[in-house]
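# Structural overview
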Amino acid sequence: MKRINIAIDGYSSCGKGTLAKYIAQQLGYVFIDSGAMYRGLTLKLIESNIDISDLPAIESACKDAFFEFKLNQTKDSFELYLNGRNVESSIRNLKVSNLVSEVAAISLVRKHLVRVQQTIGKSKGVVMDGRDIGTVVFPDADLKIFMTAKTTVRAKRRFNELNKAGMEVTLADVLANLKKRDYIDSNREDSPLQLQGDYKVLDNSNLTIEQQNSMAMEWVQESMQH
Ligand code: DC
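Definitions and limits used
- Residues numbered from 1 in each chain as written.
- Predicted model: local features only at pLDDT ≥ 70, side-chain atom pairs only at ≥ 80, totals over all residues.
- Heavy atoms only, no water.
- Core = buried A, V, L, I, M, F, W, Y, C linked by side-chain atoms within 4.5 Å.
- Buried < 20%, exposed > 50% of the residue type's maximum accessible area, 1.4 Å probe, protein only.
- Helix = DSSP H or I, 4+ residues; strand = E, 2+ residues; numbered from the N terminus.
- Contact = heavy atoms within 4.5 Å.
- Axes fitted to C-alpha atoms, helices over the stretch in contact; angles between N-to-C directions.
- Parallel < 35°, antiparallel > 145°, perpendicular 65-115°, else oblique.
- Left-handed = near helix turned anticlockwise from the far one by under 90°.
- Pairing = 2+ DSSP bridges.
- 1 Å grid on protein atoms, 1.4 Å probe; cavity = no way out; pocket = protein on both sides within 12 Å on 5 of 7 lines; lining within 4 Å.
- Points joined across faces, edges and corners; volume = space filled by probe spheres on them.
- Nonpolar A, V, L, I, M, F, W, Y, C, P; charged D, E, K, R; others polar.
- Expected span 1.5 Å × (residues − 1).
- Polar contact = N/O pair within 3.5 Å; in protein donor to acceptor, adjacent residues only side chain to side chain.
- Near = heavy atom within 4 Å.
- Areas by Shrake-Rupley, 256 points an atom, 1.4 Å probe, with all protein chains shown as cover.

### Observations concerning the nonpolar core
Core analysis: the largest hydrophobic core is formed by 34 residues, its most contacted members being Phe 67 and Val 109. For this core, the elements supplying multiple residues, two or more each, are α2 (34–47), α3 (55–64), β3 (67–72), β4 (77–82), α4 (94–104), α5 (107–121), β6 (126–130) and α6 (133–137). Considering every element that reaches this core, the biggest residue donor is α2, with six residues. The contact partners of Val 109, leaving out residues within four places of it in the chain, are Tyr 38, Leu 41, Ile 58, Cys 62 and Val 103. One finds Ala 20, Ile 23, Val 127 and Val 220 within the second-largest nonpolar core, a separate group that totals 20 residues.

Okay, here's the thing in structure tokens:
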């Protein structure tokens, strides 16, 4: 079987990570959450008190940021380390969530992170999820999946997730954040989230995880045979 790269793009909180992780486990591939890298950089800017209009400071923050994904065996998931420190939980808080789309709209940030992501994908066998993976990072990916679900369904899922993790948020806050991010991600000038070209569309508003997984695995098998 040939080794391929798989791009999974779509709106916030559609379950892209859950699907990407499942496919990667099935194939023994690496799973990369590209959004975590934008979040990690946002955390770095917040902690260093760098304003998002200060481009020279942002550029040097990019150069100083070293990303690694390490497997947490207990949770059976990959966690982001920024310069050797586990930041998996800090990058998910609402402070980071509220700023990350603005940071991700900055061209020099995108250029830098896209380069890092393309290096990771060079040897193939990568499942990467994000917003521009099939359009910019791996335009030649053998399989591109575009995930979507109704806004209210996504907000409820994310709210339950944050609640479970012990974060005190309201459903209204989560919904507002989601709508704001969808808007910025889809309307920014540099590589906006767009359903264009050769994506397979997966709307999981009314699908169980098992149904979604088997739909995606059929596409994976097809792509590996071509
Ligand atoms: O997938 P996520 O919600 O963790 O992503 C966080 C933010 O980063 C999201 O608002 C959009 C941005 N992002 C991006 O612009 N390009 C990517 N490839 C991944 C994420």
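What follows picks up the thread again.
### Describing the environment of Phe 78
Of note, Phe 78 is situated in strand β4. Between the alpha carbons of Phe 78 and Asp 51 there is a distance of 29 Å; along the sequence they are 27 residues apart.

### Focus: the packing of α4 against helix α8 (residues 171–187)
Two numbers describe a pair of packed helices, the interaxial angle and the distance between the axes. Here α4 crosses α8 at 15°, and the two axes come no closer than 8 Å. By the angle between their directions, the pair α4 and α8 is classed as roughly parallel. Of the two elements, α4 crosses α8, and the hand of that crossing is left-handed. Between α4 and α8, the residues in contact are Leu 94, Ser 97, Asn 98, Val 100, Ser 101 and Glu 102 and Asp 173, Asn 177, Lys 180, Arg 181, Ile 184 and Asp 185, respectively.

### Concerning the sheet that holds β6
Paired through their backbone hydrogen bonds, the strands of a sheet run either parallel or antiparallel. Strand order in the open sheet formed by five strands is β2-β6-β1-β7-β8, and the pairing between neighbours is parallel. With partners counted over all chains shown, the strands left at the sheet margins are β2 (30–33) and β8 (200–203), one partner each. Neighbour to neighbour, the strand axes of the sheet diverge by 20° on average, direction disregarded. Direction of pairing for strand β1 (residues 5–10) relative to strand β7 (residues 143–148): parallel, over a ladder of five bridges. The residue bridging Ile 6 from the neighbouring strand is Leu 143, located in β7. Taken strand by strand, α2 contacts β2 and β6, and its axis lies near 45° from that of β2. In the packing of helix α9 (residues 209–225) onto the sheet, the strands contacted are β1, β7 and β8, and the crossing angle to β8 comes to about 170°.

### Here we look at the layout of surface pockets
By volume, the largest pocket is sized at about 1,500 Å³. Around the largest pocket, the lining is made up of 47 residues, and of these Gly 17, Asp 33, Arg 92, Arg 158 and Glu 161 lie nearest the centre. Its residues assigned to classes, the lining of the largest pocket comprises 14 nonpolar, 14 polar and 19 charged.

### A closer look at α2
Between its first and last C-alpha atoms α2 spans 20 Å; for 14 residues at 1.5 Å apiece the expected length is 20 Å, and the two agree. Along α2, 11 of the 14 residues are buried, which leaves the element largely enclosed by surrounding structure. By the burial criterion, the buried members of α2 are Ser 34, Ala 36, Met 37, Tyr 38, Arg 39, Gly 40, Leu 41, Thr 42, Leu 43, Lys 44 and Leu 45. For α2, the N-terminal capping position is held by Asp 33, with its side-chain oxygen 3.1 Å away from the main-chain nitrogen of Gly 35. Positive backbone phi, approximately 55°, marks Asn 49, located one or two places after α2.

### Quick word on the side chain of Ser 223
Within the secondary structure layout, Ser 223 lies in helix α9. A polar atom in the side chain of Ser 223 sits 2.8 Å from the backbone oxygen of Trp 219. If near-sequence neighbours (up to four positions away) are discounted, Ser 223 is found in contact with Lys 2, Ile 4, Asp 142 and Leu 143.

### Remarks on the site of the ligand
Near the ligand you find 15 residues, and of these Arg 39, Ser 101, Asp 132, Arg 181 and Arg 188 are the closest. Side-chain polar atom of Arg 131 to an oxygen atom of the ligand: 2.9 Å apart, as the coordinates give it. Between the ligand and the protein, one listed contact pairs an oxygen atom with a side-chain N or O atom of Arg 188 at 2.7 Å. Notes on the ligand: free accessible area 450 Å², of which the protein chains cover 97%.

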